[in-house]
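Chain by chain, the residues run as shown.
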Amino acid sequence: MPCAFITGAAGQDGSYLAELLRGKKYEVIAPGRAECDVTDAAAVGRALRAAAPDEVYHLAAVSHVGQAAQDPAAMLAVNFQGTVNLIHGLREDCPRARLFFASSSEVFGRPDQVPQNEETPFAPVTIYGESKARATLAIRQARADGLFAASGILYNHESPRRGEVFVTRKICRAVAAIKAGRQQDLSLGDTTARRDWGDARDYVLGMWLALQHPQPEDFVFATGELHSVQDVVEIAFATAQLDWRGHVRVDASLMRPAEPARLVGDASKARRLLGWSPRASFRSLIEEMTRAELA
Ligand code: GDD
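A few points on the structure. (Residues numbered from 1 in each chain as written. Predicted model: local features only at pLDDT ≥ 70, side-chain atom pairs only at ≥ 80, totals over all residues. Heavy atoms only, no water.)

### Description of the overall build of the chain
- The number of helices and strands found in the chain is nine helices and 12 strands.
- Each of the three principal axes of the chain carries a C-alpha extent, and together these read 60 × 40 × 40 Å.
- For the chain, the residues scored as buried account for 53% of the 295 residues in total.
- Intrachain contacts of the chain at a sequence separation of at least 6 include 79% that bridge at least 24 residues.
- For the chain, the accessible surface area stands at approximately 12900 Å², while carbon and sulfur atoms represent 49% of it.
- Computed over 34 positive and 36 negative side-chain charges, the inter-centroid distance for the chain is 2 Å. (Helix = DSSP H or I, 4+ residues; strand = E, 2+ residues; numbered from the N terminus. Buried < 20%, exposed > 50% of the residue type's maximum accessible area, 1.4 Å probe, protein only. Contact = heavy atoms within 4.5 Å. Areas by Shrake-Rupley, 256 points an atom, 1.4 Å probe, with all protein chains shown as cover. Lys, Arg positive; Asp, Glu negative; His and termini not counted. Charge placed at Lys NZ, Arg CZ, Asp CG, Glu CD.)

### Some thoughts on the packing of helix α7 (residues 229–239) against helix α9 (residues 282–294)
- Interhelical geometry of α7 versus α9 gives an angle of 50° and a closest axis separation of 9 Å. Here α7 is positioned oblique relative to α9, judged by the angle of their axes. Where α7 crosses over α9, the two elements pack in a sense that is right-handed. Where α7 abuts α9, its residues Asp 231, Val 232, Ile 235, Ala 236 and Thr 239 lie against Phe 282, Arg 283, Ile 286, Glu 287, Thr 290, Arg 291 and Leu 294.
- Broken down by class, the residue content of the contact of α7 with α9 amounts to six nonpolar, two polar and four charged. (Axes fitted to C-alpha atoms, helices over the stretch in contact; angles between N-to-C directions. Parallel < 35°, antiparallel > 145°, perpendicular 65-115°, else oblique. Left-handed = near helix turned anticlockwise from the far one by under 90°. Nonpolar A, V, L, I, M, F, W, Y, C, P; charged D, E, K, R; others polar.)

### A look at helix α3 (residues 72–93)
- Its 22 residues place the ends of α3 30 Å apart at the C-alpha level, agreeing with the 32 Å of an ideal helix rising 1.5 Å per residue.
- Bending of α3 peaks at approximately 30° at the position of Gln 81.
- Among all positions in α3, only Met 75, Val 78, Asn 79, Gly 82, Thr 83, Asn 85, Leu 86, Ile 87, Gly 89 and Leu 90 are buried.
- Along its buried surface, α3 packs onto β1 (3–7), α2 (41–51), β3 (55–58), β4 (98–104) and α4 (127–144). (Expected span 1.5 Å × (residues − 1). Bend = angle between axes of the 7 residues up to and from the residue.)

### Things to note about the pattern of salt bridges
- Here the structure, examined in full by the defined rule, presents 18 salt bridges.
- Close ionic contact of Glu 106 with Arg 195 constitutes a salt bridge, the shortest N to O distance being 4.0 Å. You can see Glu 106 sitting in the loop between β4 and α4 and its partner Arg 195 sitting in strand β8 (residues 194–195), a full 89 residues away along the chain. With respect to burial, Glu 106 and Arg 195 carry one shared label: buried.
- The partner of Asp 199 in a salt bridge is Arg 201, and the shortest N-O contact between them spans 2.8 Å.
- Asp 199 gets classed as buried once you look at its relative accessible area, which sits at 8%.
- Its relative accessible area of 24% is what places Arg 201 among the partly exposed residues. (Salt bridge = Lys/Arg side-chain N within 4 Å of Asp/Glu carboxyl O.)

### Here's the deal with the pairing of strand β10 (residues 218–221)
- Every second residue of β10 is oriented toward a common face, with Asp 218 and Val 220 on one face and Phe 219 and Phe 221 on the other, all of them buried.
- In terms of strand pairing, strand β5 (residues 148–154) meets β10 through four bridges, oriented parallel. Residue pairing across strands places Ile 153 opposite Val 220, the latter belonging to β10. (Pairing = 2+ DSSP bridges.)

### Observations concerning the side chain of Gln 116
- As for its placement among the helices and strands, Gln 116 is situated in the loop between β4 and α4.
- With relative accessibility at 0%, the residue Gln 116 sits in the buried group.
- Polar contacts involving the side chain of Gln 116 include one to the main-chain carbonyl oxygen of Gln 113, which spans 2.9 Å.
- The contacts of Gln 116, once residues within four sequence positions are left out, are Phe 108, Pro 111, Tyr 155, Val 220, Arg 262, Leu 263, Val 264, Gly 265 and Asp 266. (Polar contact = N/O pair within 3.5 Å; in protein donor to acceptor, adjacent residues only side chain to side chain.)

### Remarks on the site of the ligand
- Close to the ligand lie 22 residues, the nearest being Ser 105, Tyr 128, Asn 156, Arg 256 and Glu 259.
- The contact in question runs from an oxygen atom of the ligand to an N or O atom on the side chain of Tyr 128, over 2.6 Å.
- Within the contact set of the ligand, an oxygen atom lies 2.6 Å away from a side-chain nitrogen or oxygen of Asn 156.
- Burial of the ligand by the surrounding chains reaches 96%, relative to a free accessible area of 710 Å².
- Within the shell around the ligand, the residues separate by chemical class into 10 nonpolar, six polar and six charged.
- Three or more residues apiece are contributed to the shell around the ligand by two domains, here domain 1 (3–158 + 197–224 + 263–274) and domain 2 (167–192 + 226–259 + 281–294). (Near = heavy atom within 4 Å. Domains from an automatic or database assignment.)

In short, shape yes, function no, at least from these values alone.
Below, the structure written as structure tokens:
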């Protein structure tokens with residue numbers, strides 16, 4: 001039985017990935033933050049020695065981009081230093097294990113190249129993007145030093161399990177609360193912001209495929225389609241047979257000081273080498289998320 005070790009297993013991606021791997025008859029070791037704090041190098045080493053995994057999926061991160069405003073140092077510590085600790089622990093204790101790192105489209109910032117691929121230069125415009133860019137470079141160095149270390153450059157990916165701070169889930173939850181008469185208004189930041197939104201269940205399959213490939217590489221996982229926050233609003237309200245007008249307000253305090261732009265991915269390398277493609281459509285995903293909240 002192969003053994004997989006997942007950091008950040010309590011999150012949206014970790015929970016779907018654990019289910020996928022158990023279905024493939026893996027033994028899944030999913031330590032919580034208390035058992036394996038990635039910022040604690042000694043704890044990471046102990047956890048890896050005890051598990052002796054074949055595959056490691058490093059998903060633990062401060063993943064809400066806006067959170068840097070509260071504590072930028074913590075974001076860098078978890079997202080960058082945590083990745084360095086994991087690389088070091090693997091090198092010392094399980095040098096034959098395969099490592100997957102969940103990187104982010106935010107590494108590209110506001111790129112001129114549209115869509116982006118694995119060759120697009122990193123130019124982050126947020127602390128979050130910087131933390132992921134630095135960690136992705138550390139993964140590339142580890143690969144050059146002989147570790148099997150792959151990165152998925154993941155564009156936004158959603159599901160009914162998405163955390164409530166992210167905009168798709170926030171909108172779908174609010175729609176259900178408005179439908180039930182528990183809420184009147186929904187306050188949002190920039191509703192013209194556009195993202196490449198996919199389905200988390202497709203993306204965790206990509207993570208697994210990246211580690212089954214003979215060589216460790218970087219892979220973009222994306223749909224190649226851009227939609228706006230306003231598109232999410234319109235689909236979610238329509239799913240609940242509500243008119244969004246009269247309910248949605250723009251709150252300037254929710255606008256981000258440095259907003260990335262034009263983040264849309266070209267996943268043709270993953271399609272070619274891994275046979276990966278996103279199955280779910282944007283509309284059906286937002287409808288599913290809204291129906292889950294209404295239920
Ligand atoms: N959260 C939030 N709340 N976002 C809002 C709101 C709001 O009220 N109003 C507008 N937005 C806009 C944000 O400014 C952003 O442009 C977009 O909605 C999506 O925001 P989030 O859902 O918070 O996701 P994100 O794009 O910042 O980050 C996600 O995707 C990254 C990959 O591109 C996260 O999953 C990151 O961890 C991930 O790396």
